[in-house]
Amino acid sequence: MTGNKVLEKLLRMKGFRITWFAIYERKKEISVGVKPHKTGCRCPLCNRRGKIVPVVQNTREWRDVIMCGMKVTFYYPPKEIICATHGRIQEVIPWADAYARVTYRFEYLMLMFAQMMTQKAATQLLHMAKSTFSDLLHRAIQRLRAGHRIRDLKSIGIDEISYCKGKKYATVVYDLDRHCVVWIGRGKGRETIDEFFLKKLSKQQRTRIQRASCDMSETYIGAIEDHCPNAVLVLDHFHITKALGAAMDEVRKEEWRLADKSGKEALKGMRWLLFMHSSNRTKRDTRLINQLKKSNRRIHRAWVLKDEFAQFWEYVNPKSAENFLRAWMTAAMKSRIQPIKDFVATLRKHLPYVLAYTGTRISNAVAEGLNRVIKIVKNRASGFQSLDAFSDLIYLVVGDVDIPEQIPSRFRTL
Ligand SMILES: [Zn+2]
């Protein structure tokens, strides 16, 4: 077997050939001259042989995967051909996309690594600079998602998300049935979410949406009311709980500011205890909270209200759920604690959408699936400076398209 053949086997180059190669030990590089087919050049659209246009073409380079610690680069000047059907066109390059600077195999590895590990680890394994990595990743993801249309969307969730260390916002739209992200847009205003409904969905698709879920923001509620005439809107369980928790924490902070030294001492370390779900509490925790009842009535009152509210999610019968919630709201208003009263005002305003939970049950499983996705998204997002880099990873990890699967199957090797 000749050297070329051995290398062809090692690089699994079925369908294309090696014309020459050179190994540079010091630079840890292998340069490989490649050729798409044994004979002739083929059209990328119909795969028929075409007549070569007699002009000198520039040699292009493609990065391939690392082999035994050596960087592998392919070299070839792609020809222009005249196809009987498609006219003048660049010949097909079997190992890479028409304009890519890396091979399909490299792209596949890059996508898999980006899913599995930090960017830093991925760039080390692939022997490349971080900026090159994110640039290549962005191009690959853009291309592999291009032309993708949203299909069969029946249950949607809309949420805002911050990136660039909490300084900027984006809107994320989820498919609640499939537990994935279908769209990400810059900003969190009405124009952002309108862009999704008007540009990404047809009128028919909008009328087919049956369930929708979002937080208590007027923007998203208004958009769902306007664009999804047949959807039952349910305010997200997780977001409501979070808003109530924030109200309670507001009370704790106020009290902390007003407290004297011994009062501060008593409040120390209470934060996590106050947020804890009742089922996780130990006897000692309960004792601590009972002490609070004597030392700080206001926080204790807020905490009791928060704890009682959690029962609302357990109700199965809509009428009982409504009775419970109304009674709870009356009690909460009587507490005369401003942050809690503000929370009640928001609840009242959107009451039908809060009560809808019991009847429709955008079920817990779905809500939890959604929250799991949100968590992944948020963990990934915080460090990102640009929306592009952020949405690339979201689409890659929890998007509605399996991006690595879009690479031709024979190049999907890890
Ligand atoms: Zn053709």
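Everything that follows concerns the structure shown earlier in this document.
Residues numbered from 1 in each chain as written. Predicted model: local features only at pLDDT ≥ 70, side-chain atom pairs only at ≥ 80, totals over all residues. Heavy atoms only, no water.

A few words on the overall build of the protein. Along its length, the protein carries 17 helices and 13 strands. With respect to the three principal axes, the spread of C-alpha positions in the protein is 90 × 50 × 30 Å. Put simply, the protein has 414 residues, and 47% of those count as buried. Excluding contacts between residues fewer than 6 apart, the proportion of contacts in the protein whose partners are at least 24 apart in sequence is 57%. Surface exposure of the protein reaches about 22000 Å², of which carbon and sulfur atoms provide 52%. One way to put it: in the protein the 74 positive side-chain charges average out to a point 4 Å from where the 41 negative ones average out. (Helix = DSSP H or I, 4+ residues; strand = E, 2+ residues; numbered from the N terminus. Buried < 20%, exposed > 50% of the residue type's maximum accessible area, 1.4 Å probe, protein only. Contact = heavy atoms within 4.5 Å. Areas by Shrake-Rupley, 256 points an atom, 1.4 Å probe, with all protein chains shown as cover. Lys, Arg positive; Asp, Glu negative; His and termini not counted. Charge placed at Lys NZ, Arg CZ, Asp CG, Glu CD.)

The next thing to look at is the sheet that holds strand S9 (residues 155–163). Ordered in space as S11-S10-S9-S12-S13, the 5 strands form an open sheet in which the pairing is mixed. Two strands in the sheet have a free side with no partner beyond their single neighbour: strand S11 (180–186) and strand S13 (232–235). Within this sheet the neighbouring strands show an average axis-to-axis angle of 25 degrees, counted without direction. Relative to S13, strand S12 (residues 211–214) runs parallel, the two sharing 4 bridges. Bridging from a neighbouring strand, Ser213 pairs with Val234 of S13. Contacting S9, strand S10 (168–175) and S11, helix H17 (residues 387–398) crosses the sheet at an angle of about 170 degrees to S11. (Pairing = 2+ DSSP bridges. Axes fitted to C-alpha atoms, helices over the stretch in contact; angles between N-to-C directions.)

Right, let's get into the coordination of the zinc ion. At 2.0 to 2.3 Å from the zinc ion lie its protein donor atoms, namely Cys43 (SG), Cys46 (SG), Cys83 (SG) and His86 (ND1). Coordination at the zinc ion comes from 4 donor atoms whose angles at the metal span 104 to 117 degrees, giving a geometry best classed as tetrahedral. Of the residues examined, Cys46 reaches a relative accessible area of 25% and is grouped as partly exposed. On the accessibility criterion, Cys83 (4% relative accessible area) is buried. (Donors = N, O, S within 2.8 Å, 3.2 Å for Na, K, Ca; no water. Tetrahedral: all angles 85-135°; square planar, octahedral: opposite > 155°, others 65-115°.)

Of all hydrophobic cores here, the largest spans 120 residues; its most connected members are Phe74, Phe196, Phe197, Trp328 and Leu347. Discounting residues that sit within four places of it in the chain, Phe74 has contacts with Leu11, Met13, Phe16, Val32, Val34, Arg60, Glu61, Trp62, Asp64, Trp95, Thr103 and Arg105. Core analysis: the second largest hydrophobic core is formed by 5 residues, Cys41, Cys43, Ile81 and Ile89 among them. (Core = buried A, V, L, I, M, F, W, Y, C linked by side-chain atoms within 4.5 Å.)

The strand order across the open sheet formed by 4 strands is S3-S4-S7-S8, and the pairing between neighbours is antiparallel. With partners counted over all chains shown, the strands left at the sheet margins are strand S3 (41–42) and strand S8 (87–90), one partner each. Pairing of strand S4 (residues 49–52) with strand S7 (residues 80–83), which is carried by 2 bridges, proceeds in the antiparallel orientation. Paired with Lys51 across the two strands is Ile82, which belongs to S7.

Take the pattern of salt bridges next. One pass over the structure, following the stated rule, counts 22 salt bridges. Two residues, Glu255 and Arg298, come together in a salt bridge whose shortest N-O distance is 2.6 Å. Highlighted residues: Glu255 in helix H8 (residues 237–258) and Arg298 in helix H12 (residues 297–309), separated in sequence by 43 residues. The partly exposed category is assigned to Arg298, whose relative accessible area is 28%. (Salt bridge = Lys/Arg side-chain N within 4 Å of Asp/Glu carboxyl O.)

Further remarks concern helix H2 (residues 104–116). Taking 1.5 Å of rise per residue, 13 residues should cover 18 Å, and H2 covers 18 Å from first to last C-alpha, within 8% of that figure. The buried fraction of H2 is high, at 11 of 13 residues. Of all the residues in H2, the buried ones are Tyr104, Arg105, Phe106, Glu107, Tyr108, Leu109, Met110, Leu111, Met112, Phe113 and Ala114. (Expected span 1.5 Å × (residues − 1).)

Right, let's get into the pairing of S7. Burial along S7 is one-sided: Ile81 and Cys83 are buried, and none of Glu80 and Ile82, which face the opposite way, are. Relative to S8, S7 is paired through 4 bridges, and the arrangement is antiparallel. Among the inter-strand pairings, Ile82 is bridged to a residue of S8, identified as Arg88.

Of all 9 residues making up S9, 7 are buried, and the element is well covered by its neighbours. As paired strands, S9 and S12 are joined by 3 bridges and run parallel to one another. Directly across from Ser155, in S12, lies its bridge partner Arg211. As defined by bridge partners, S9 adjoins S10 across 8 bridges and the pair is classed as antiparallel. In the sheet register, Tyr163 faces S10, and the bridge partner there is Lys168. Taking the residues that link successive antiparallel strands as the turn, the S9-S10 hairpin has 4 residues, and the phi of Cys164 there is positive, at about 55 degrees.

Judged by side-chain charge, Lys165, Lys167, Lys168 and Arg186 come together as a positively charged surface patch. Positionally, Lys165 belongs in the loop between S9 and S10. (Patch = residues over 30% accessible without salt bridge, like charges linked within 9 Å, V, L, I, M, F, W, Y side chains within 5 Å.)

Remark: the alpha-carbon pair of Arg298 and Thr39, spanning 259 residues in sequence, is separated by 85 Å. Each residue touching Arg298, except ones within four places of it in the same chain, is listed here: Val251, Glu254, Glu255, Ile337 and Gln338.

At His127, a position not held by glycine, the phi torsion is positive, near 55 degrees. Following the sequence through the fold, His127 ends up in the loop between helix H3 (119–125) and helix H4 (130–145).

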